[in-house]
Amino acid sequence: MERILSKIREQIPTGLAFKLIRAVVIVIAILGLEFLVVSTGEIHVLEHLVKNEGEELTTKVEEDSQETLDNLVRKSLLDLSVRAADKTDDELWVNEYELTILGGQVADVIAHPDHYGRVPVEPPKKENGGKLSLQLLAPNGYENISPESMATMERLANLESIMATYIGEYTIDCYIGLTDGTTLAIDKLSDRKYDENGEIKSYDATTRPWYQEAVKAGDTYFSPAVHSFFYDYDIVTYSRPVYVDGELVAVLEGALNVDALRERVTYVEFGETGVNVLISSSGQLVSTSRTTGELSMREDPYEDIRGSVNDGLAKLIDDGLAGGSGTAIVEIDGEKYYAGYGPLVTVGWTQIAFSSVEEVTRPARALAGEASASYESMKKEISDTFRLSLIVVVVVMLIILQITIIVLSRQAQKSVAPIDHMTKKISELTGDNMTFEMEDIYKTGDEIELLARSFEDQSAKLSGYMQENIRISAEKERIDAEMAMATQIQDSMLPKLTEAFSDRSEFDLYAMTDPAIDVGGDFYDFFYIDDDHLAIVIADVSGKGVTAALFMALSKQVIQSQMLLHNGDVVEALTDANLRLLEESVKDMFVTVWLGLITLSTGELSFVDAGHEYPAIRKKGGSFVIDKDIHSLSVAAIKKAKFKLNEIRLEPGDTIYLYTDGVTEAHNAAGDMFGMDRLATALNETGDVSPEEIDIQVRNRISEFVGDTEQFDDITTLCLTYHGKQPTLS
């Protein structure tokens, strides 16, 4: 047999000849298969009969047992998950109810202060670590608490006994935070409120998520599992605002020990492979008994796990968080599991119990295996007979194939000679010579001749394409050089933070531009009119490339010279700059400008907003607000443009943030823009930090939003914090 196969392989030609022979071989193979079907028909019928009977018996046994087990498992998992969720939810409901009761007491104390005596309250003491104690926390230290807040806190101290009853197995603290950030706390963790230098940590309740989210919700708010500011372990906070006569007066907080909550949840198990998890409303994996795989705790405890698990498991979590209960079959780490879920109504969470399908269906598979064993011996005997018949048929077919290949191989080689010659000529084509010429050998009067003529035509077209590619490459190099020049112009014109600016005590200043792929005309500028007056500019020239970069450079110089000429009068300076730039601008080119003058000794800021983005201003201790100032027309738009003056007064600690439309119009892959709302959110996440840190935070948020999407507009920003005139040390 092996010698026959070897001779067949030696005599089989390649290429088109092989295809011709293969067509004949296929015909012979079909005839052989027909013979095989006829000669082994009775054996097939018998084997099919036995196989069907066995499979029907096995399927019936497996389906009946599987259906029974499926119904039982689903009902058991549903009952287990709903009961477990209800039990966990009861604990959270009690916490919410207790906080509501305490809220009524706090409102009464604040509304009727004369009804309550003042009880002294001290800051945290290290020696009280492990003891339940009442403490007073403050944003700027105990000694800086206002008299009004101290009086309120000393009256609220009458509620110590009520607050103490809330501390137990799960609840580890209870806070009452006033609107100025002063906080009355009770817990057993006084010693953890000190930093590494032995100083009490500053604590401003109004900056904590539990305070802010409760105020935003206007009702009780349960947070995801978060890392504690003081305690250095995970907690779930629940908080509630308190109002008196419709005005917010305080926010209450309690904290649940997540480890204790996880012990309650993971204690409930189902079978050998059972898994029980708790998912927060934001998709956070609060509790799990798995240490690896899709249902293991994440390195980032705040991660929404729906983004890192398979689609089926993500949908199950969505169904659970929708507030209902039910069952499903899902995959976890490539293995199928039954799942039952139930709601935690109080917080909008869900608790899900899983059990492996493999474990549950093991008895059904064992029963089906026993049923199939009864016909295996009969099936083996029939299969042996079938294999013997198959060998006989295969030998006959191989003999026929041998004869066919010998007869056809010479004729096939002669037929494909023009193709072989064409292949050789095509392989000799190189980058310098891509010409294919018609020859007599190809003139066969059939498809081979048509193919040769097509190659001849295509080679001529290819030569033309190569010349066009050379021209396009040269044009691209010219454009790249132009864009590099535009980038250099833009970078060279922007001012640097020299000591003349960075060493001034009256203000901190930071500015930056990030050019897009197509260089635009964004620029910023800052310069002194005299020792007490600082001019700041941010602008955006229409258009891209070298033209925009050159017009940007011209605009910057004209605006600066006019400010110096008019001694800082922003309206007069822009009016004259408008006329001069109109004389130099090309068709449809203009520039949006925000131009301001700050009197460093008083904080007075006069500015003109000529078609530019609204500035974001934060008063000291407040939040950034988009200032809807009086807008004027863009510069170099029309000759008779009138520029309107805006005036505000900056107090020490105030910050102003200026930007171009590249910030708000930055877009992600879905085409959504970053927008004003996301900008305000990013700014208000920064806190009391330097202008540079504020700008870095905003740019980080923009980068997170756009991802890998290419941006086509410059992103330029300027941030200034005003400190005012500092006293001179004698």
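Residues numbered from 1 in each chain as written. Predicted model: local features only at pLDDT ≥ 70, side-chain atom pairs only at ≥ 80, totals over all residues. Heavy atoms only, no water.

Chemist: Whenever I open this one, the pairing of strand 1 (residues 133-137) confuses me. Can you help?
Modeler: Across a regular strand the side chains alternate sides, sitting on one face of the sheet and then on the other. Counting buried positions over the five residues of strand 1 gives five, a clear majority of the element. Residues Ser 133, Gln 135 and Leu 137 of strand 1 are buried on one face, and the alternating residues Leu 134 and Leu 136, pointing to the opposite face, are buried as well. Where strand 1 meets strand 3 (residues 183-187), five bridges bridge the pair, whose relative direction is antiparallel. Looking at the pairing, Ser 133 lines up with Asp 187 of strand 3. (Buried < 20%, exposed > 50% of the residue type's maximum accessible area, 1.4 Å probe, protein only. Helix = DSSP H or I, 4+ residues; strand = E, 2+ residues; numbered from the N terminus. Pairing = 2+ DSSP bridges.)

Chemist: Explain the pattern of salt bridges to me, please; I cannot follow it from the model alone.
Modeler: Pairing is possible between side chains that carry opposite charge, provided their charged atoms lie close to one another. This model, assessed by the stated rule, comprises 21 salt bridges. The salt bridge partner of Asp 333 is Arg 290, with a shortest N-O separation of 3.3 Å. In this pair, Asp 333 is assigned in the loop between strand 9 (326-332) and strand 10 (335-344) and Arg 290 in the loop between strand 8 (285-287) and helix 8 (311-321), connecting sequence segments 43 residues apart. Of the residues examined, Asp 333 reaches a relative accessible area of 41% and is grouped as partly exposed. Members of the salt-bridge network, linked through shared partners, are Arg 504, Glu 506, Asp 531 and Lys 725. (Salt bridge = Lys/Arg side-chain N within 4 Å of Asp/Glu carboxyl O.)

Chemist: Please explain the environment of Gly 104 as it appears in this structure.
Modeler: Following the sequence through the fold, Gly 104 ends up in helix 3 (residues 41-111). Distance from Gly 104 to Val 242, taken between C-alpha atoms, is 7.8 Å for residues 138 residues apart in sequence.

Chemist: I tried to follow the side chain of Arg 504 on my own but got confused; where do I start?
Modeler: Mapped onto the fold, Arg 504 is located in the loop between helix 12 (499-502) and strand 12 (507-514). A distance of 2.9 Å separates a polar atom in the side chain of Arg 504 from the backbone oxygen of Asp 531. For Arg 504, the contacting residues outside a window of four places in its chain are Tyr 528, Asp 531 and Leu 600. (Polar contact = N/O pair within 3.5 Å; in protein donor to acceptor, adjacent residues only side chain to side chain. Contact = heavy atoms within 4.5 Å.)

Chemist: Could you clarify how one ought to interpret the packing of aromatic side chains in this entry?
Modeler: The relation between two aromatic rings is expressed through the spacing of the ring centres and the mutual angle of the planes. According to the stated counting rule, one finds 11 aromatic pairs in the structure shown. When the ring of Tyr 175 is compared with that of Trp 210, the centres are 6.3 Å apart and the planes differ by 70 degrees; the resulting orientation is edge-to-face. One end of the pair, Tyr 175, is in strand 2 (residues 171-178); the other, Trp 210, is in helix 6 (residues 209-217), with 35 residues separating them in the sequence. For Tyr 175, a relative accessible area of 2% translates into the label buried. Accessibility expressed as a relative area gives 5% for Trp 210, which makes it buried. Their ring planes at 25 degrees and their centres at 4.8 Å tell us that Trp 594 and Phe 607 sit as a pair that is stacked. Taken as a pair, Trp 594 in strand 15 (residues 591-599) and Phe 607 in strand 16 (residues 604-610) lie far apart in primary sequence, 13 residues in all. Per residue, the accessibility class of Trp 594 equals that of Phe 607, and both read buried. In textbook terms, an aromatic cluster arises when at least three aromatic residues are bridged by ring pairs, as seen for Tyr 175, Tyr 203, Trp 210 and Tyr 211. (Phe/Tyr/Trp six-rings, centres within 6.5 Å; stacked < 30°, edge-to-face > 60°.)

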